[in-house]
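# Secondary and tertiary structure notes
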2 protein chains.
Amino acid sequence: MHDGATKPRVLLVEDDRELAGMLAELLADEGYESDAAHDGQRGLHLGLTGRYDVMIIDRRLPVLDGLELLARLRARGVTTRVLVLSALGELADRVGGLDAGADDYLVKPFEAEELLARLRALGRRDLEGAESLPVGAAALDLQRHEVVLPRGERITLSGREFELLRTLAQRPKAIHPRASLRTHVFADSTGESIVDTYVYYLRRKLGRDVVRTVHGLGYQIGAV
Amino acid sequence: MHDGATKPRVLLVEDDRELAGMLAELLADEGYESDAAHDGQRGLHLGLTGRYDVMIIDRRLPVLDGLELLARLRARGVTTRVLVLSALGELADRVGGLDAGADDYLVKPFEAEELLARLRALGRRDLEGAESLPVGAAALDLQRHEVVLPRGERITLSGREFELLRTLAQRPKAIHPRASLRTHVFADSTGESIVDTYVYYLRRKLGRDVVRTVHGLGYQIGAV
DNA sequence: ACTTCCTCTGAGCCTTTTCTGAGATCTCCG
DNA sequence: CGGAGATCTCAGAAAAGGCTCAGAGGAAGT
């Protein structure tokens, strides 16, 4: 997700406009770039199509409840870290929220500082300014858009090739469905086979084994 | 890390022996395997040499303070998720703990259920949702549609093969009638013998013993 | 304007999966 | 033991999914 060059991106789903506005301001001050949704439906759409480093989701939302939204995102393969905000602070609520797939659960009213600290904790792995990602035996240089082979040889990738490989490398061993790669790396209007073509380009440059096809499911790197 | 076939491993660093004992018991009941350390020095040693899926570290520790322990682990490249436990619950303490590298911060006294839920949330991040169902001595990886044999070998299943095995694995030891499998896994219009064929495919890939035939009734896995 | 590289499309070919059906084999029970 | 019905095995056709690549159009540099 976050590559160190751009601001970390946050999706904020909160129906209380006043609170949402305050949070957006707070996030902006801290150097985040945020998109806001005021109901679950809109949150789902943004969550599925946008690229975010972390999401803040209010539990009580119009149209589509926060936990339901979370469940749908998870069901569609979205693994972005999610912090759930809620006025419901009972033990069962907290446990239920976490088990629904939230990575953290913060009860309202909360202190801005704690929210920010928890966001930092959630984003840390991605934000940690990693300069390169492992890709099998090779490494992907995030600054130079190059793959460094074990022997030291460098292969330059084009923009799309790089975005695709980075997306795959961000979650090695995970299976990335074509549809998800297509919306994350390419424009929505592109043809169905664009991902295939770029996988083909990567394989031609880097060798057939870098990207594994999982028939009917998607692509994967770093498999055992 | 944790591969789904074995128990997740937890390092518990807590000087209060009574609490440590209770937690160890709680963790064992939940299916974790835990090592315990009662001071920071010992925790550092275990943390550096052992392989853990998650660590629980008390903030106030003899010999080496919890946050100092955490800092040293991080400095040595240990990226394991850490949950910090602390009696210090002030905002500044929580923020300080999280910013010291903790992935979560839970204030004492806490409820066992919440600790467990937060542990699950932490574990989930690295598991990348590597949920699996037991299939005899092997496991069915629900994300990758693969069967993981005890020795670690992975066998990929086609879509129908996977659906059939998952249906069987969802209720091990139950006898699944052909008709029910046929309607659950295949289209209604398929021929009568489609289930037999796919059972045959599974046996060919995984060995004759994975699926047992109960003559006249149906199929069954996980029998004694 | 020319060159070069990048992006995207789409068509044809190849591979895997799904399903059918038919013969071989097994199991149960009279 | 023998036969009816159940189950197993497997080859091959059809469909779905994936791969390869040539070429058109566009962007960026010279």
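Residues numbered from 1 in each chain as written. Chains lettered and ligands numbered in written order. Predicted model: local features only at pLDDT ≥ 70, side-chain atom pairs only at ≥ 80, totals over all residues.

As a further point, take the overall build of chain A. For chain A, the helix and strand inventory stands at 8 helices and 11 strands. The C-alpha atoms of chain A give a radius of gyration of 19 Å, which matches the 17 Å a tight globule of 224 residues would have. Along the first, second and third principal axes, the C-alpha atoms of chain A reach 55 × 35 × 30 Å. Counting over 224 residues, chain A shows a buried share of 35%. Counting only contacts in chain A whose residues sit at least 6 apart along the sequence, the fraction spanning at least 24 positions is 53%. (Helix = DSSP H or I, 4+ residues; strand = E, 2+ residues; numbered from the N terminus. Rg over C-alpha atoms; globule rule 2.2 N^0.38 Å. Buried ≥ 20, exposed ≤ 12 C-beta atoms within 10 Å, placed from the backbone. Contact = placed C-beta atoms within 7 Å.)

Our focus in this paragraph is the pairing of strand β6 (residues 132-135) of chain B. Residues and elements named next belong to chain B. As judged from the 4 bridges shared by β6 and strand β7 (residues 138-141), these two strands associate in the antiparallel manner. By the bridge assignment for β7, Val135 is matched with Ala138. The turn joining β6 and β7, which pair antiparallel and follow one another in sequence, is formed by 2 residues; a positive phi near 60° is taken by Gly136. (Pairing = 2+ DSSP bridges.)

Surveying the vicinity of DNA strand C reveals 26 residues, the closest of which are Ser158, Gly159 and Gly191 of chain A together with Ser158 and Gly159 of chain B. Secondary-structure elements contributing two or more residues to the surface near DNA strand C are α6 (159-170) and α8 (194-206) of chain A together with α6 (159-170) and α8 (194-206) of chain B. In terms of residue class, the surface near DNA strand C is made up of 6 nonpolar, 16 polar and 4 charged. (Near = placed C-beta within 6 Å. Nonpolar A, V, L, I, M, F, W, Y, C, P; charged D, E, K, R; others polar.)

All names here are of chain A. Relative to each other, helix α2 (residues 40-49) and helix α3 (residues 66-75) sit at 25°, their axes nearing to 10 Å. By the angle between their directions, the pair α2 and α3 is classed as roughly parallel. Pair α2 / α3 crosses with right-handed handedness. Mapping the contact onto sequence places Gly40, Gly43, Leu44 and Gly47 in α2 and Gly66, Glu68, Leu69, Arg72 and Leu73 in α3. In terms of residue class, the contact of α2 with α3 is built from 3 nonpolar, 4 polar and 2 charged. (Axes fitted to C-alpha atoms, helices over the stretch in contact; angles between N-to-C directions. Parallel < 35°, antiparallel > 145°, perpendicular 65-115°, else oblique. Left-handed = near helix turned anticlockwise from the far one by under 90°.)

Moving on, we come to the sheet that holds strand β5 (residues 104-107) of chain B. Residues and elements named next belong to chain B. Strand order across the open sheet formed by 5 strands is β2-β1-β3-β4-β5, with parallel pairing between neighbours. Here the strands that pair on one side only, and so sit at the sheet edges, are β2 (33-37) and β5. Adjacent strand axes in the sheet meet at a mean angle of 20° when their direction is disregarded. Relative to β2, strand β1 (residues 9-13) runs parallel, the two sharing 5 bridges. Bridge pairing in β2 places Val13 opposite Ala37. On the sheet, helix α3 (residues 66-75) packs against β1, β3 (54-58) and β4 (81-86) and is oriented at approximately 145° with respect to β3.

Taken together, the contacts link 25 residues of chain A with 24 residues of chain B. Looking at the side of chain A that touches chain B, the elements that each hand over two or more residues are α4 (91-99) and α5 (112-127) of chain A. Broken down by class, the residue content of the side of chain A that touches chain B amounts to 11 nonpolar, 3 polar and 11 charged.

The next thing to look at is the sheet that holds strand β9 (residues 154-156) of chain B. Residues and elements named next belong to chain B. Strand order in the open sheet formed by 4 strands is β6-β7-β8-β9, and the pairing between neighbours is antiparallel. In this open sheet, the two strands that pair with only one neighbour each are β6 and β9. Ignoring which end each strand starts from, the neighbouring axes of this sheet average 25° apart. Sheet analysis places β7 next to strand β8 (residues 146-148), joined by 3 bridges and oriented antiparallel. Bridge pairing in β8 links Asp141 to Glu146. Seen against the sheet, α6 touches β6 and β7 and runs at an angle of roughly 75° to β6.

What follows is about α6 of chain B. All names here are of chain B. For α6, spanning 12 residues, the distance from its first C-alpha to its last is 16 Å, which sits close to the expected 16 Å at 1.5 Å a residue. Turning to α6, its buried residues number three or more, namely Glu161, Phe162, Leu164, Leu165, Leu168 and Ala169. Buried residues of α6 fall within an arc of 165° about the axis and therefore sit on the same side. Next to the buried residues of α6 lie β6, β7, α7 (178-185), α8 and β11 (218-220). (Expected span 1.5 Å × (residues − 1). Arc of directions from axis to C-beta.)

Here we take up the nonpolar core. Ranked by internal contacts, the top residues of the largest apolar core, which has 65 residues, are Ile57 and Leu83 of chain A together with Ile57 and Leu83 of chain B. Those residues in contact with Ile57 of chain B, other than ones at most four positions away along the chain, are Val13, Gly43, Gly66, Leu69, Leu70, Val82, Val84 and Leu85 of chain B. With 22 residues, the next largest nonpolar core counts Ala138, Val147, Phe162 and Tyr198 of chain B among its residues. (Core = buried A, V, L, I, M, F, W, Y, C linked by C-beta atoms within 7 Å.)

What follows covers the confidence of the model for chain A. All names here are of chain A. The share of residues in chain A with pLDDT of 70 or more is 94%, and the mean pLDDT across the chain is 90. Averaged pLDDT values over the elements of chain A bottom out at 86 in α5 and peak at 97 in α8. Low pLDDT, under 50, characterises residues 1-5; the stretch is placed with 11 contacts to residues that sit more than four places away or in other chains. (pLDDT = per-residue confidence, 0-100.)

Moving on to the protein's contact with DNA strand D. Every one of the 19 residues lining DNA strand D counts as a neighbour, but Thr197 and Thr213 of chain A together with Thr197, Tyr200 and Thr213 of chain B are closest to it. Elements supplying a minimum of two residues to the surface near DNA strand D: α8 of chain A together with α8 of chain B. Partitioned by chemical class, the residues of the surface near DNA strand D number 4 nonpolar, 10 polar and 5 charged.

Here we take up the environment of Arg203 of chain B. Residue and element names in this part refer to chain B. Along the chain, the position of Arg203 falls in helix α8. Classification of Arg203 by C-beta neighbours within 10 Å gives partly exposed; the count is 14. Contact partners of Arg203, with chain neighbours within four places excluded, come to Arg208, Val210 and Val211.

A separate point is the pairing of strand β7 (residues 138-141) of chain A. Of the two faces of β7 of chain A, only the one carrying Ala138 and Leu140 of chain A is buried; Ala139 and Asp141 of chain A on the other face are not. Between the antiparallel neighbours β7 of chain A and strand β8 (residues 146-148) of chain A lie 4 residues, among them His145 of chain A with a positive phi of about 55°.

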